[in-house]
Amino acid sequence: MSAIETLKSELAGLALEDNPQIVRQKSRDFFWYSPVLKQQLDHVTADLVVTPRTEAEVIRVLKACYALDIPVTTRGAGTGNYGQAMPLSGGVILNLADMNRVLSIRPGVVVAEAGAIISKIDEETRAHSGQELRLHPSTYRTATIGGFIAGGSGGVGSISWGGLRDLGNVLSLKVVTMEAEPRVLHLKGADLSRVMHAYGTNGVITEVEMPLTAAYDWVDVLVGFDDFMDSVIYADALANQDGILLKQLAPVAAPLPHDYFLRHQKYIRRDQSVVVIMVAPFAMDAFATFTASQGRASILYRSDQADEATLKTLPPAYELAWNHTTLRGLRVDPTITYLQVLYPYPDQVEKVRRMTELFGDEVPGHLEFVRFDGKITCFGLPVVRYTTEARLDEIIRLHEEAGCPIFNPHRYTLEEGGMKQTDALQLAFKREADPKGLLNPGKMIAWEDPDYDFSSGKVFLFSGLTPA
C-alpha cells in the first residue's frame, strides 16, 4: 500500500479529495501571472486534498503525514502569485477553507480562524461595532486572512498603516508545528516574524488576532493627468497630506487605465494617466481643495457623486489597484507580465522618472504609494510587455543597477521573490518546527541549499497579490 493510501485510511472521517481534476485545481495558485513560472509549474499537482474543520483535525493530519514522510502544502484561497502554494513535491494540500469562523470582536481587535475570507471578517466587524481591518489585498473578496499573512506583506491600507510586518499590524498567531507530536504555539511580538510571509514553510497558521480601525464608506476617486510623471508628483504630494485620510493611492500610466479598466473606460481618455484613490468621506472637501490646487489634475470620477445604477456596474477602486491592475491587463492582453519594484525614499519620484524614461511603453508604470519604514515612498507593479525571459532579466538588472530593488515575481522561492537574503529567524524556526522539511518543500533556498550565497542582498519585503 502506498503512503497516500495508508494516509487515507488513517484520516478516515476527515474531508478527503483524491479526484485528480479537483486535486489539480486545488494545487494551483496565480503563478500563471508569470510566463516563466507558468512554464516551470504548470504540471505541478498534489496527491490528496484534506480539508480540516478544526485545529484538532489539523494536528491529526500533520502527525500522520509526519509519520509517513508525506509533504504538506497549506492553502487558503490560492490567490497568491509567486507559486507560493504550489506543492512542488506532491503530497497533501491542507485546505483551510472550512476553518473560517470569526471567533471574537472587541474594540480594536478581531480574532478569526485562518481560513476566514477577509471581506467576511469586515462584514462581521462592521456590523458588530463599525470597525474594519487595517490592511487587505486587492483579492479582498476571495483571499483568506491566514493566506494574506503567510504570503502577502501589505496592500490596500498600506498608505496609512504600512506593511503587515510593521509592529502592531498583526497582534498574535496560533501556529501548529509539523513534528511527531505537533505543538500549538501562540506567537506574539518579535516571534511573529518567524512565520509571517514564510509561505507556510515552517508552521501552519490556524488562528489570527488582528487590529481593527474605524470603518468608513470609502469614496472611490479617479484623477486624470496628461503626463504620467505629473500623476506621480501629485500622488507623492497627496500622500504627505497628513490630514487627508486615504486607504489607497495608485498612479497608473496611460494607456493602461483606458485599456484595462473596461467598466470605467467611459471616464478615461486613452492618453490619460490615472491616480486610483480611496478617500474617507469626511476628508472629501479637503481632498477636492488639494486636487484643485494641483493645476494639471482633473477629477474624472467620484463614487459619492454616482447614482446607484452606476455603482452597481463598477468594481471598487481596490480592484483596479495592486495586482488587480495586472489581472485586468492579462484579461485584455495575456502576453503581458509584471514586476515588483521598490523605489526607495527619499528620491522615489526621481527614480520613477528615470525608469519611465528608460523603458517607455515597454514597461508602463503602475505605482502604489505606501508608508515604508515610517516614510512615504512607492512600490511599483509595472506592466511588462513581455518578449523573452532574457529581456525580462535585463529589465530586472537595469532596475537594480539604478537602485530600484526587484522582488522577483518570476521566482517561487522566498529568498528570490519576497526577500533578498535568508531570514535567519524563519530558517531557525523551520529547523525547530519542521525538522523533516515536509512543509511546502522547495520554497526556502536556505533549507534546500545551505551553501547558497545571499551576501549581496538586503532584506526587504513586498506584497505579492497577494498576492496576493
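Residues numbered from 1 in each chain as written. Predicted model: local features only at pLDDT ≥ 70, side-chain atom pairs only at ≥ 80, totals over all residues. Heavy atoms only, no water.

- With an unreviewed UniProt entry as reference, the chain is termed FAD-binding protein, source organism Pannonibacter tanglangensis.

Quick look at helix H12 (residues 323-332)
In an α-helix there are 3.6 residues to a turn, and that puts residues three or four apart on one side.
Now for step 1: Across the 10 residues that make up H12, a large majority, eight, are buried.
Now for step 2: When we look at burial in H12, the residues that qualify are Asn323, His324, Thr325, Thr326, Leu327, Arg328, Gly329 and Leu330.
Now for step 3: Looking at the buried positions of H12, the neighbouring elements they touch are strand E12 (246-252), helix H9 (256-260) and strand E15 (337-338). (Buried < 20%, exposed > 50% of the residue type's maximum accessible area, 1.4 Å probe, protein only. Helix = DSSP H or I, 4+ residues; strand = E, 2+ residues; numbered from the N terminus. Contact = heavy atoms within 4.5 Å.)

Here's the deal with the packing of helix H8 (residues 228-239) against helix H10 (residues 284-293)
Now for step 1: As a packed pair, H8 and H10 sit with axes 11 Å apart at the nearest point and diverge in direction by 140 degrees. By the angle between their directions, the pair H8 and H10 is classed as oblique. Where H8 crosses over H10, the handedness of that crossing is right-handed. Taking contact as the criterion, the partners of Tyr234, Ala237 and Leu238 in H8 are, on H10, Phe287, Phe290 and Thr291. (Axes fitted to C-alpha atoms, helices over the stretch in contact; angles between N-to-C directions. Parallel < 35°, antiparallel > 145°, perpendicular 65-115°, else oblique. Left-handed = near helix turned anticlockwise from the far one by under 90°.)

Here we look at the sheet that holds strand E1 (residues 15-17)
Now for step 1: The mixed open sheet is built from four strands, whose spatial order is E1-E2-E4-E3. Across the chains shown, the open sheet's two edge strands, defined by having one partner strand only, are E1 and strand E3 (72-75). The sheet shows a mean angle of 25 degrees between the axes of neighbouring strands, direction not considered.
Now for step 2: Alignment of E1 against strand E2 (residues 48-51), held across three bridges, turns out to be antiparallel. Bridging across to E2, Glu17 finds its partner in Val49.
Now for step 3: In the packing of helix H4 (residues 55-68) onto the sheet, the strands contacted are E2, E3 and strand E4 (92-95), and the crossing angle to E4 comes to about 170 degrees. (Pairing = 2+ DSSP bridges.)

Description of unusual backbone geometry
Now for step 1: The omega torsion of the bond from Ala254 to Pro255 falls at 5 degrees, within 30 degrees of zero and hence cis.
Now for step 2: Tracing the backbone shows Pro255 in the loop between E12 and H9.
Now for step 3: Of note, the bond from Tyr345 into Pro346 is cis; its omega dihedral lies within 30 degrees of zero at 10 degrees.
Now for step 4: Considering the arrangement of structural elements, one finds Pro346 in the loop between strand E16 (341-343) and helix H13 (348-359).
Now for step 5: In this structure, Asp69 is a non-glycine residue whose phi angle is positive, near 60 degrees.
Now for step 6: Here Asp69 lies in the loop between H4 and E3.
Now for step 7: The class for Asp69 is partly exposed, based on a relative accessible area of 47%.

Regarding the packing of aromatic side chains
Now for step 1: For the structure shown, the criterion picks out 12 aromatic pairs.
Now for step 2: Summarising the aromatic geometry, the rings of Tyr140 and Tyr318 are spaced 5.3 Å apart at their centres and angled 75 degrees between planes, so their arrangement reads as edge-to-face. One end of the pair, Tyr140, is in the loop between strand E7 (131-133) and helix H6 (145-151); the other, Tyr318, is in the loop between helix H11 (308-313) and H12, and 178 residues separate them in sequence. Taken as a pair, Tyr140 and Tyr318 share a single burial class, namely buried.
Now for step 3: Pairwise contacts between aromatic rings join Phe30, Trp32, Tyr33 and Tyr338 into one cluster.
Now for step 4: Geometry around Trp447 places Lys430 over its ring, the cationic atom sitting 5.2 Å from the centre. (Phe/Tyr/Trp six-rings, centres within 6.5 Å; stacked < 30°, edge-to-face > 60°. Lys NZ or Arg CZ within 6 Å of the ring centre and 35° of its normal.)

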